[in-house]
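Each chain, letter by letter, is given below.
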Amino acid sequence: MREFSLEIPAPQKWGEGLVSVAEGEPLVLDVRVESVHEGILATGEVDTEYTGVCGRCLGEVAESVRVAFQELFAYPGQEETDFEVQDDHVDLETLVRDAIVLSLPFQPVCQPDCPGLDPVTGERLTESTGSPASEPIDPRWAALQGYSTQDDTTDHGDHDARA
């Protein structure tokens, strides 16, 4: 058994959604490799940071991510395996990349209760403009918008209701 602590830069951009780990972003790895009967068992954790945009308001998002992984690298043989020992070495890049990309949020948010964008103006609802927001008027009632009962001077008293 051997244990390693490594800090290496991400070899390329990992992730294709709203957030990703940028190329060159430091990856801090704590790895333990053990020789077992079937091959080499790699267990560890990786720490890094992802950046991107909020899925609601399109604001900048930067969060740290910590992912645990464990995989058996089998000795070359008759059986087909995902990971194999190559010349007494194991290549952790694919394993670490897959673990990180699968842990990235699909719909990241800048804060848990992010209200998003105003559907009319497109402004971020988290940024207050100082003016009160008006409720949108249903277009079916728009013709009544100018009508006010306070301006009405006619008498609405007793009307002769004949059938």
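Please read all numbers here as calculations on a predicted model, not as lab measurements. Numbering of residues starts from 1 in each chain and follows the order in which that chain's sequence is written. Reporting of local features is limited, given that this is a predicted model, to residues whose pLDDT is at least 70; pairs of side-chain atoms are given and counted only at 80 or more, and all residues count toward the totals for whole chains, interfaces and linings. Values shown for side chains rest on all heavy atoms present in the structure; no hydrogens or waters enter the calculation.

Enquirer: How should I be thinking about the overall build of the protein in this particular structure?
Expert: By definition, any uninterrupted DSSP run of H or I lasting at least four residues is a helix, any uninterrupted run of E lasting at least two residues is a strand, and each is numbered from the N terminus. Along the backbone of the protein there are one helix and five strands. Burial classes: relative accessible area under 20% of the type maximum marks a residue as buried, over 50% as exposed, and values in between as partly exposed (1.4 Å probe, protein chains only). Here the protein holds 163 residues, and the buried ones make up 23% of them. Exposure was quantified through the Shrake-Rupley algorithm and a 1.4 Å probe, taking into account, for residues, occlusion by the shown protein chains and nothing else. Only carbon and sulfur atoms are counted for the fraction: they give 49% of the accessible area of the protein, which is about 12200 Å².

Enquirer: Can you walk me through the nonpolar core in this structure?
Expert: For the purposes of this section, nonpolar cores are sets of buried Ala, Val, Leu, Ile, Met, Phe, Trp, Tyr and Cys residues that join through side-chain atoms within 4.5 Å. Grouped together as the largest cluster of nonpolar side chains are 28 residues, with contacts concentrated most on Val46, Tyr50, Phe69, Phe73, Leu92, Val96 and Ile100. Every element with two or more residues in this core is listed here: β3 (26-35), β4 (39-53), β5 (60-74) and α1 (93-103). If you tally residues by element for this core, the top one is β5, at five residues. Filtering out sequence-adjacent residues up to four positions away, Val96 remains in contact with Trp14, Leu29, Val46 and Phe69. Contact criterion: two residues are considered in contact whenever any of their non-hydrogen atoms come within 4.5 Å of each other.

Enquirer: Is there a simple way to think about the pairing of β3 in this case?
Expert: Working note: regular strand, side chains alternate between the two faces of the sheet. Alignment of strand β1 (residues 2-9) against β3, held across eight bridges, turns out to be antiparallel. Residue pairing in the sheet places Ser5 in a bridge with Asp30 of β3. The antiparallel hairpin formed by β3 and β4 contains three residues in its connecting segment. Note: two strands are recorded as paired if DSSP finds a minimum of 2 bridges between them.

Enquirer: Any chance you could explain the environment of Ile100 here in plain terms?
Expert: With respect to the element layout, Ile100 can be found in helix α1. C-alpha of Ile100 to C-alpha of Tyr50: the two residues are 50 residues apart in sequence and 9.5 Å apart in space. If we ignore the near neighbours within four places in the chain, the residues touching Ile100 are Trp14, Val21, Leu27, Val46, Thr48 and Val67.

Enquirer: Honestly, α1 in this entry has me stumped. Any pointers?
Expert: Note that an α-helix has 3.6 residues per turn; residues three or four places apart therefore point the same way. Inspection of α1 places Leu95, Val96, Ala99 and Ile100 among the buried residues, and these make up the whole buried set. The arc that holds every buried residue of α1, seen down its axis, measures 120°, which confines them to one face. Buried residues in α1 make contact with β3, β4 and β5. Think of the arc as the fan of directions from the helix axis to the C-beta atoms.

Enquirer: Honestly, the pattern of salt bridges in this entry has me stumped. Any pointers?
Expert: Oppositely charged side chains may form a pair once their charged atoms are brought near each other. A side-chain nitrogen of Lys or Arg and a carboxyl oxygen of Asp or Glu constitute a salt bridge if their distance falls within 4 Å. What the rule picks out here adds up to four salt bridges. The partner of Asp47 in a salt bridge is Arg66, and the shortest N-O contact between them spans 3.3 Å. In this pair, Asp47 sits in strand β4 while Arg66 sits in strand β5, placing the two residues 19 residues apart along the sequence. Residue class for Arg66 comes out exposed when judged on its relative accessible area of 52%. The partner of Arg97 in a salt bridge is Asp98, with the nearest N and O atoms 3.4 Å apart. Note on Asp98: relative accessible area 32%, which makes it partly exposed. What emerges from the salt-bridge pattern is a single network uniting Glu45, Asp47 and Arg66.

Enquirer: Looking at this structure, how should I read unusual backbone geometry?
Expert: Glycine aside, the phi torsion of most residues is negative, and most peptide linkages are trans. Of note in this structure, Leu58 is not a glycine but carries a positive phi near 65°. By the element assignment, Leu58 lies in the loop between β4 and β5.

Enquirer: Could you clarify how one ought to interpret the side chain of Ser20 in this entry?
Expert: Mapped onto the fold, Ser20 is located in strand β2 (residues 19-20). Other than its neighbours up to four places away in sequence, Ser20 contacts Lys13, Trp14, Gly15, Tyr50, Thr51 and Leu104.

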